[in-house]
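Tertiary structure, described
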Amino acid sequence: MQKLQVKILDERMRDMLPAYATQGSAGLDLRACLDEAVVIEPGQTILVPTGLSIYVADPGYCALILPRSGLGHKHGIVLGNLVGLIDSDYQGQLMVSTWNRGQQAFKLEPMERLAQLVIVPVVQVAWDVVEEFETSDRGDGGFGSTGKK
Ligand SMILES: O=c1ccn([C@H]2C[C@H](O)[C@@H](COP(=O)(O)OP(=O)(O)OP(=O)(O)O)O2)c(=O)[nH]1
Ligand SMILES: [Mg+2]
């Protein structure tokens, strides 16, 4: 397994580093590094610290913060930015923009697993400016152009 640099910004995280829940998991669960529980009202978005910073360093990778399906589906707790993109050169604290899109207030407990971090490969590109593209099967068809069934 590859190594990823992590800094522990809150000592409570030392024994609670994000871990893969199963051997095949893609996501490392991020915890809400809070001193006390916080109630997120319906429609409210708060920024939740994780107590950790990572340094991906290699521009061929990034990290994505994604919602946890249970929290999102059952409680409406998703991300205010929908997906969090962590650049390979970011060294600050990982923050989780937490949006209660549901109808009920949600009590977020300290150290609760809130979201998940996925490390993915990235391809950086340089522009090749052209006047015309080589014709493709799809052309400019999109937004349902292939029909429903
Ligand atoms: O959910 C998130 C999203 C981003 N970040 C951090 C890491 C990322 O590298 C940095 C910048 O994020 P992004 O580029 O998405 O935000 P921006 O609004 O474009 O800010 P900037 O001008 O700093 O790039 O903020 C987080 O901690 N959590
Ligand atoms: Mg940016």
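Computed from a prediction, not measured in an experiment: that's the story for all the values here.

Before going further, it helps to spend a moment on the UniProt feature "binding site: substrate" (unreviewed entry) in the protein. The residues that UniProt annotates with the feature "binding site: substrate" (unreviewed entry) are Arg68, Ser69, Gly70, Asn81, Leu85, Ile86 and Asp87. The greatest C-alpha distance among the residues just named is 26.3 Å, and with 20 residues of sequence between them they are spread in space as well. Here Arg68 is to be found in the loop between strand E5 (61-67) and helix H1 (69-75). According to the relative accessible area criterion, Arg68 is partly exposed, its value standing at 23%. Leave out the neighbours within four places in its chain, and Arg68 touches Asp29, Arg113, Leu114, Ala115 and Gln116. We classify Ile86 as buried; its relative accessible area is 8%. Leave out the neighbours within four places in its chain, and Ile86 touches Ile54, Cys62, Ala63, Ile65, Leu94 and Leu117.

Before going further, it helps to examine the site of ligand 1. Surrounding ligand 1, one finds Ile65, Asn81, Gly84, Leu85, Ile86, Asp87, Tyr90, Gln93, Leu94 and Met95. One nitrogen or oxygen atom from the side chain of Asp87 is found 2.6 Å from an oxygen atom belonging to ligand 1. A distance of 2.8 Å is found between a nitrogen atom of ligand 1 and a backbone nitrogen or oxygen belonging to Met95. When the free accessible area of ligand 1 is taken as 570 Å², the share hidden by the protein chains comes to 49%. Secondary structure elements with two or more residues in the shell around ligand 1: strand E7 (84-86) and strand E8 (93-100).

Reading the values: the criteria
- Residues numbered from 1 in each chain as written.
- Chains lettered and ligands numbered in written order.
- Predicted model: local features only at pLDDT ≥ 70, side-chain atom pairs only at ≥ 80, totals over all residues.
- Heavy atoms only, no water.
- UniProt positions renumbered as here; feature names shortened; annotations may be inferred.
- Helix = DSSP H or I, 4+ residues; strand = E, 2+ residues; numbered from the N terminus.
- Buried < 20%, exposed > 50% of the residue type's maximum accessible area, 1.4 Å probe, protein only.
- Contact = heavy atoms within 4.5 Å.
- Near = heavy atom within 4 Å.
- Polar contact = N/O pair within 3.5 Å; in protein donor to acceptor, adjacent residues only side chain to side chain.
- Areas by Shrake-Rupley, 256 points an atom, 1.4 Å probe, with all protein chains shown as cover.

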